[in-house]
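# Report on the structure
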Amino acid sequence: MSVVEKTETEAGRDFIRDIVAGDLAAGRHKSVVTRFPPEPNGYLHIGHAKSICLNFGIAQEFGGRCNLRFDDTNPTKEEQEYIDAIQADVRWLGFDWGNGLYYASDYFERLYGWAQDLIRASSAYVDDQSQDEMRAARGTLTEPGKNSPFRDRSIEENLDLFGRMRAGEFPNGARVLRAKIDMASGNINLRDPVLYRILHASHPRTGTQWTIYPSYDFAHGQSDAIEGVTHSICTLEFEDHRPLYDWFIESLSVPSRPHQYEFARLNLTYTVLSKRALNGLVRGGHVSGWDDPRMPTLAGLRRRGVPPEALRDFIKRIGVAKANSLVDLGVLEFSIREHLNKTAQRRMAVLRPLKVVIENYPEGKSEELEAVNHPDDASAGTRPVRFAREIFIERDDFMETPVKKFFRLSPGTEVRLRYAFFITCREVVKNAAGEVTELRCTYDPATRGGNAPDGRKVKATIHWVSAADSVPAEVRLYNPLFSKPEPDVANFATELNPKSLEVLADARLEPVLAGGNSPEPVQFERQGYFARDPDSKPGRLVFNRTVGLRDTWAKVSASG
RNA sequence: UGGGGCGUAGCCAAGUGGUAAGGCAGCGGAUUUUGAUUCCGCCAUCCCCUGGUUCGAAUCCAGGCGCCCCAGCCA
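Read on for a plain summary of the structure. (Residues numbered from 1 in each chain as written. Chains lettered and ligands numbered in written order. Predicted model: local features only at pLDDT ≥ 70, side-chain atom pairs only at ≥ 80, totals over all residues. Heavy atoms only, no water.)

## Considering the pattern of salt bridges
Under the counting rule described, the total for this entry stands at 51 salt bridges. Between Arg-265 and Glu-237 there is a salt bridge, with the nearest N and O atoms lying 2.7 Å from each other. Placement of the pair is Arg-265 in the loop between strand E9 (259-263) and helix H10 (275-283) and Glu-237 in the loop between strand E8 (231-235) and helix H9 (242-251), with a sequence separation of 28 residues. Residues Asp-246 and Arg-257 are paired through a salt bridge, measuring 3.2 Å at the closest nitrogen-oxygen approach. Taken as a pair, Asp-246 in helix H9 and Arg-257 in the loop between H9 and E9 lie far apart in primary sequence, 11 residues in all. When salt bridges that share partners are traced, they join Asp-291, Arg-303, Glu-474, Arg-476, Asp-533, Asp-535 and Arg-540 into one network. (Salt bridge = Lys/Arg side-chain N within 4 Å of Asp/Glu carboxyl O. Helix = DSSP H or I, 4+ residues; strand = E, 2+ residues; numbered from the N terminus.)

As structure tokens, this is what we get:
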């Protein structure tokens with residue numbers, strides 16, 4: 001028996017799945033229902049991806065369902081743009097809510113009725129205190145609060161006032177509806193929390209139909225109950241709210257009995273994942289928008305070229321637990337590389353071109369050579385690449401005075417041009433400023449394809465493109481948006497990495513990359529994985545570097 | 001000095017009384033027409049600390065210490 005339980009591998013990958021599996025095994029639920037409940041006040045980021053994968057993942061694994069429910073209880077911050085973007089992002093990540101699309105605003109009328117029920121049970125009251133007065137009366141972390149002078153109004157008066165709040169008779173902030181719980185509770189959430197506040201604002205879905213809006217606490221659990229959510233999974237900061245969540249569920253005649261469980265939110269080195277900060281980056285013009293490829297938003301990651309499969313793998317790797325954690329960005333990069341290595345076809349692109357003239361190659365001649373599209377996947381086929389007398393190689397692949405262990409091109413040395421010939425550097429041409437502008441090389445016609453009949457070896461293989469046949473492109477390289485591993489969220493603007501974006505305006509690509517059937521994603525050999533940016537226009541290609549290849553040489557050269 | 005959580009390797013994270021999984025990073029080495037990939041090997045005598053219980057403790061008990069969250073009419 002225990003053997004059988006252990007073979008249900010997916011069932012026990014984290015404490016929440018353990019709970020779900022246990023509830024199902026014990027018959028407490030016939031099937032599991034979860035929900036992903038974003039507030040439409042910003043774009044989804046990689047932290048949300050953790051919650052999405054958890055909620056939708058559990059539903060999939062246990063044969064249940066997961067709703068997408070917008071927590072749209074604050075019209076002053078929420079917008080339709082976000083509602084649309086969130087749906088697109090969840091789909092892109094690879095999840096489907098079927099017909100389980102809901103809005104907390106769908107439940108406003110029922111919520112209102114439950115608030116009246118609470119008033120009738122003498123468990124809620126209308127408070128006329130000002131915000132400042134309420135704050136002062138709330139007490140502190142170590143001192144109890146004081147009861148509101150309006151706490152003992154009659155049921156009739158409360159019902160009347162609450163009705164008039166709804167009718168729009170009072171201005172914003174004039175009154176609130178509060179639960180009557182315990183102003184002396186050590187848990188501040190229980191010190192008569194606000195259930196409804198007056199907000200004369202237009203709501204993206206209900207328009208101006210309402211002038212009062214329920215608070216998160218009053219809306220969330222009941223929404224779960226309405227949808228039959230069995231496991232309401234949220235982040236650690238809501239742990240303190242669970243007693244309140246339960247208080248509402250137990251005080252009201254709701255249709256089901258959901259339970260809340262909390263897990264630690266994701267933190268990533270060199271990045272910031274607070275909506276406030278991300279909003280600030282966008283509003284402050286520090287990035288080009290929510291989908292700037294440097295942003296940790298799903299929209300940004302997508303534009304950067306990160307495949308959803310890699311994101312899901314990353315989330316799986318980091319696990320789910322209750323300890324606050326800061327995950328190394330390297331883990332994400334690993335997941336991206338691992339997926340792209342398998343799926344991306346290879347092409348050659350020279351990011352920082354250096355012209356090379358093959359002196360013994362006939363002028364006017366050119367020829368086609370065969371290049372494989374994927375070294376580990378023969379089914380990806382091959383493609384022709386055109387070779388000619390003038391080519392471009394990567395500036396970094398030449399060193400006039402090579403440092404030790406540098407075994408690419410330098411005066412007098414021979415290297416292999418990938419899929420082409422061995423070449424030897426004969427002469428370095430410089431301009432008046434002393435900068436290298438061109439290399440004069442010779443090639444060995446016998447090494448066509450890349451192997452020497454005499455068996456001689458070269459220590460390096462470098463990539464190249466034909467000068468005449470390659471196409472120009474802009475390539476954007478990205479580095480972390482922040483310069484510190486743990487940026488100070490409060491002062492994020494001062495900790496931005498000035499080198500987070502590097503634009504290479506004169507890259508040269510294999511011409512196939514300009515075509516309509518150019519592979520996507522693609523690996524530029526020896527450099528990294530790239531994705532075409534939507535800024536691309538006919539004749540003006542733009543590529544984003546999703547992530548570079550692992551670079552052992554960088555370590556070797558840095559260590560001297 | 002209130003309430004709620006959490007502390008296992010540089011970073012994540014299994015483990016729930018029987019003698020420390022796995023991943024990332026790192027370090028060696030092999031293969032290589034990408035200094036990539038792949039492949040092998042190494043990487044916690046010890047689980048925040050101190051006592052205690054037990055034949056046996058990361059796991060149980062007691063007392064400490066450290067970190068995070070809560071005083072929005074935000075979610």
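## What to know about the sheet that holds strand E19 (residues 461-462)
Across the sheet, which stays open at both edges, the seven strands sit in the order E19-E16-E17-E18-E12-E15-E20 with mixed pairing between neighbours. The sheet is open, and its two edges are formed by E19 and strand E20 (464-466), each paired on a single side. Summarising the sheet, strand E15 (residues 390-394) and E20 pair through three bridges and their orientation is antiparallel. Bridge pairing in E20 links Ile-391 to Ser-466. (Pairing = 2+ DSSP bridges.)

## Considering the pairing of strand E5 (residues 176-179)
Of the two faces of E5, both are covered, the one formed by Val-176 and Arg-178 as well as the one formed by Leu-177 and Ala-179. As judged from the four bridges shared by strand E4 (residues 124-127) and E5, these two strands associate in the antiparallel manner. In the strand pairing of E5, Ala-124 is matched with Ala-179. Note: E5 against strand E6 (residues 194-198), three bridges, orientation antiparallel. Counterpart to Arg-178 in the pairing with E6 is Val-194. (Buried < 20%, exposed > 50% of the residue type's maximum accessible area, 1.4 Å probe, protein only.)

## Focus on unusual backbone geometry
Of the consecutive residues Glu-520 and Pro-521, the connecting peptide bond is found in the cis state with omega at 0°. Residue position: Pro-521 is located in the loop between strand E22 (501-509) and strand E23 (522-524). Phi is positive for Ser-122, close to 60°, though the residue is something other than glycine. With respect to the helices and strands, Ser-122 occurs in the loop between helix H5 (108-120) and E4. Although it is not a glycine, Tyr-419 adopts a positive phi angle of roughly 65°. For Tyr-419, the position within the fold is in the loop between strand E16 (414-417) and strand E17 (422-430).

## Considerations on the environment of Thr-401
Of note, Thr-401 is situated in the loop between E15 and E16. It is 39 Å that separates the C-alpha atoms of Thr-401 and Thr-271, two residues lying 130 residues apart in sequence.

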